[in-house]
Amino acid sequence: MDKIIINGGKKLKGTVKISGSKNSALPILFATLLTDDKCKITNVPTLADIKTTIDFLNFIGKPSTKKTNVVTTGISSKLASVAPYDLVRKMRASVLVMGPLLARLGKVDVSLPGGCAIGARPIDIHLDAFKQMGANIELKEGYIKMSAPKGLKGCDIELRFASVGATENILLASVLAKGTTRIINAAKEPEIEDLADVLNKMGAKITGAGTKIITVEGVDKLKGFTHSVIPDRIETATYMIAAAITKGDITLLNTNPNHIKVIIDKLIEAGLSVKVFGDTITAKWVKELKPVNIKTEIYPGFPTDVQAQWMALMATVNGNSIIEETVFENRFLHVGELQRFGANLQIEGKTVYVTGVKKFSGAPVMVSDLRAGAALVLAGLFAEGQSKILRIYHLDRGYERLEKKFTKLGANIKRIK
Ligand code: EPZ
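Remember, it's a predicted structure, so these values are computed and weren't measured experimentally. (Residues numbered from 1 in each chain as written. Predicted model: local features only at pLDDT ≥ 70, side-chain atom pairs only at ≥ 80, totals over all residues. Heavy atoms only, no water.)

**Q** Describe the overall build of the protein, naming the residues involved and giving the relevant values.
**A** Helices and strands together make up the secondary structure of the protein, namely 14 helices and 24 strands. Its C-alpha atoms give the protein a radius of gyration of 21 Å, near enough to 22 Å, the size a compact globule of 417 residues would have. Oriented by its inertia axes, the alpha-carbon framework of the protein measures out at about 65 × 40 × 40 Å. Looking at the 417 residues of the protein, the share that counts as buried comes to 56%. Partitioning the contacts of the protein with sequence separation of at least 6, the portion at a separation of at least 24 is 72%. Of the roughly 16400 Å² of accessible surface on the protein, a fraction of 53% belongs to carbon and sulfur atoms. (Helix = DSSP H or I, 4+ residues; strand = E, 2+ residues; numbered from the N terminus. Rg over C-alpha atoms; globule rule 2.2 N^0.38 Å. Buried < 20%, exposed > 50% of the residue type's maximum accessible area, 1.4 Å probe, protein only. Contact = heavy atoms within 4.5 Å. Areas by Shrake-Rupley, 256 points an atom, 1.4 Å probe, with all protein chains shown as cover.)

**Q** Help me get a handle on the pairing of strand E17 (residues 280-284), residues and values and all.
**A** The buried count for E17 comes to four of five residues, which makes it a mostly enclosed element. Taken together, the four bridges between strand E15 (residues 249-253) and E17 define a ladder with antiparallel strand orientation. Counterpart to Leu 252 in the pairing with E17 is Ile 281. Alignment of strand E16 (residues 273-277) against E17, held across five bridges, turns out to be antiparallel. For Lys 275, the partnering residue across the bridge sits in E17 and is Thr 282. Turn length for the E16-E17 hairpin, with the two strands adjacent in sequence and antiparallel, is two residues, and the turn residue Gly 278 shows positive phi of about 65°. (Pairing = 2+ DSSP bridges.)

**Q** Explain the nonpolar core to me, using residue names and the numbers behind them.
**A** Counting residues in hydrophobic clusters, the biggest one holds 71 residues, and the most contacted among them are Leu 34, Val 97, Leu 171, Val 175, Leu 199 and Ile 206. Ranked by the residues each element gives to this core, the list is headed by helix H1 (residues 22-31), at six residues. Beyond its immediate chain neighbours, meaning those up to four positions away, Leu 171 contacts Ile 183, Ile 192, Leu 195, Leu 199, Ile 206, Ile 214 and Val 216. If you look at the next biggest cluster of nonpolar residues, it comprises 70 residues, including Ile 263, Val 317, Leu 378 and Tyr 399. (Core = buried A, V, L, I, M, F, W, Y, C linked by side-chain atoms within 4.5 Å.)

**Q** Could you give an account of the sheet that holds strand E7 (residues 107-111), with specific residues and numbers?
**A** The strand order E6-E7-E9-E8 describes an open sheet built from four strands, whose pairing is mixed. Among the strands making up the open sheet, the edge pair consists of strand E6 (82-83) and strand E8 (136-140). Where E7 meets strand E9 (residues 143-147), five bridges bridge the pair, whose relative direction is antiparallel. Bridge pairing in E9 places Val 110 opposite Ile 144.

**Q** Please give an account of the sheet that holds E15 that cites residues and values.
**A** Strand order across the open sheet formed by four strands is E2-E15-E17-E16, with mixed pairing between neighbours. Either end of the sheet is taken by a strand with one partner, and the two such strands are strand E2 (13-17) and E16. This sheet shows a mean twist of 15° between the axes of neighbouring strands, independent of strand direction. Sitting on the sheet, helix H8 (residues 233-245) touches E2, E15, E16 and E17, and the angle it makes with E15 is about 165°. (Axes fitted to C-alpha atoms, helices over the stretch in contact; angles between N-to-C directions.)

**Q** Any chance you could break down the environment of Asn 23 for me, citing the residues and the numbers?
**A** Along the chain, Asn 23 turns up in helix H1. With 28 residues separating them in the primary sequence, Asn 23 and Lys 51 have C-alpha atoms 14 Å apart. Residues in contact with Asn 23, not counting those within four places in the same chain, are Glu 168, Glu 191, Asp 305 and Arg 371. In this structure the side chain of Asn 23 is engaged in a polar contact, spanning 2.8 Å, whose partner is the side chain of Lys 22. (Polar contact = N/O pair within 3.5 Å; in protein donor to acceptor, adjacent residues only side chain to side chain.)

**Q** Outline the site of the ligand, supporting the account with residue identities and numerical values.
**A** For the ligand, the set of nearby residues contains 21 residues, the closest of which are Asp 124, Ile 125, Ser 163, Asp 305 and Val 327. In the complex, the protein chains occlude 89% of the 830 Å² of accessible area that the ligand would expose alone. Contributions of two or more residues to the shell around the ligand are made by H1, helix H5 (124-132), helix H6 (164-174) and helix H12 (370-382). With three residues, H5 is the largest single contributor of residues to the shell around the ligand. (Near = heavy atom within 4 Å.)

**Q** Describe the packing of aromatic side chains, naming the residues involved and giving the relevant values.
**A** For the coordinates displayed, the defined rule picks out five aromatic pairs. Ring plane angle 85° and centroid distance 5.8 Å describe the contact between Phe 30 and Phe 56, whose orientation is recorded as edge-to-face. Of this pair, Phe 30 sits in helix H1 while Phe 56 sits in helix H2 (residues 48-60), and the two are 26 residues apart along the sequence. Consider the rings of Phe 302 and Trp 310, whose centres lie 5.7 Å apart with planes at 75°: the pair is edge-to-face. By the burial criterion, Phe 302 is buried, and Trp 310 matches it. Each residue in the set Phe 341, Phe 360 and Phe 382 is aromatic and connected to the rest through ring pairs, giving one cluster. Between Arg 89 and the ring centre of Tyr 85, over which it is positioned, the NZ or CZ distance is 5.9 Å. (Phe/Tyr/Trp six-rings, centres within 6.5 Å; stacked < 30°, edge-to-face > 60°. Lys NZ or Arg CZ within 6 Å of the ring centre and 35° of its normal.)

**Q** So, the environment of Ile 416: which residues are in play, and what are the values?
**A** Looking at the secondary structure, you find Ile 416 in strand E24 (residues 412-416). Excluding residues that lie within four positions of it along the chain, Ile 416 makes contacts with Met 1, Asp 2, Lys 3 and Ile 5.

**Q** Describe the pattern of salt bridges, naming the residues involved and giving the relevant values.
**A** Following the criterion strictly, the structure yields 17 salt bridges and no others. Taking the shortest distance from any N to any O, the salt bridge between Asp 2 and Lys 417 comes out at 3.3 Å. Taken together, the positions of Asp 2 in the segment before strand E1 (3-7) and Lys 417 in the segment after E24 put the pair 415 residues apart, joining distant regions of the chain. Residue Asp 2 is classed as partly exposed on the basis of its relative accessible area, which comes to 21%. (Salt bridge = Lys/Arg side-chain N within 4 Å of Asp/Glu carboxyl O.)

**Q** For the pairing of strand E3 (residues 39-42), give the residues involved together with the corresponding values.
**A** Of the two faces of E3, only one is covered, namely that formed by Cys 39 and Ile 41; the face formed by Lys 40 and Thr 42 stays uncovered. For E3 and strand E5 (residues 70-73), the ladder comprises three bridges, and the chain directions are antiparallel. Within E5, the residue paired with Cys 39 across the bridge is Thr 73. Note that E3 and strand E14 (residues 226-228) share three bridges and pair parallel.

None of the figures reported here should be taken as evidence of function without further support.
Printed below as a string of structure tokens:
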């Protein structure tokens, strides 16, 4: 398995181009199942999860190819209605196949996704919504077998939690349902708005995306589209924090600053100089940083996907800070690994108490999940001496050309087979 070697202590300087959003590209790729027409998606990042999804689309019968950052899906013939375990277990987002196939075929068998490192991550909210829309659901041999012989019916669906995936799955199902669907307590993430933009380009009638109530008027047919994926706000946050932790000066290109306001505000509160010019952000260390507490929340609150990276930063800042995780039940797997660098962290339930230390010493560490991996890379960039980061296949799921981008910024970082 590949690993990353970092010789830390370098101040990062220069420019980095932010890639397209993984978490926006994935639901948009699944949306192509809603039409037999050709679709063209640009600014798609080159990531393991994108490849998994393209393989999945081809398996189901939607011919799809990716050339550099452009994905085109062709005319689909007969679509299969089964999502097998070995595909779903590799990538939990595969559950987004449910909405489109239920809408188009009136049936779908999807393997239960199984848990993952950051928690059980059930899909009860998704399934309750499909039931309300008229789907019959049974659980058999690890598969969820769903059917809606009379088609799906629009209705009011109130989410008990503003789940991103559930909101996306309901959007993907309701656009071809009979009548009107209102998603109440919908997720408001930018990725939801991007998906709604695509569906409306296809001929859907969606209003309110990005707010708590999304209204969808079902239509009979959807057509192909061309769309450029929004910038990855989590990657943007990661590189701004890289400037802070290495006392560097980084210019980030191709960003959408509006999607990451809370991080910009928190970094400015900590003392980093952050300036915005259109889709460019400059993040420059100008003075010793101050500790800043965070509590992760649904959008537009502090993103759970930046919690680990923020913890790595706070662990190197003089003073005490508090980090609360409210979205996932087990998203502190990076704490043990950060302690191996010398971080002073105390877990108490859903809270970590951080006491900053002056220096980290390089260490061999293991990545448990995608964003924890980013935190370990940031810690390695700060640490004195050599760090070895193992199981970086997690990183390859969500960060395009990570070591190349950091090398260009002056980091001493290498991937070895
Ligand atoms: C999306 O996951 C993202 N993934 C995650 O990013 C992100 O952390 C998460 O949203 C929260 O922002 C993609 O977009 C592909 P949720 P998702 O449904 O949709 C519970 C990354 O690093 N829940 O909003 O799975 C769930 O267990 C990944 O890119 C239920 O209980 O997130 C979790 O505790 C990691 N029942 C919470 O809600 C359900 O039916 C948030 O889940 C659904 C969710």
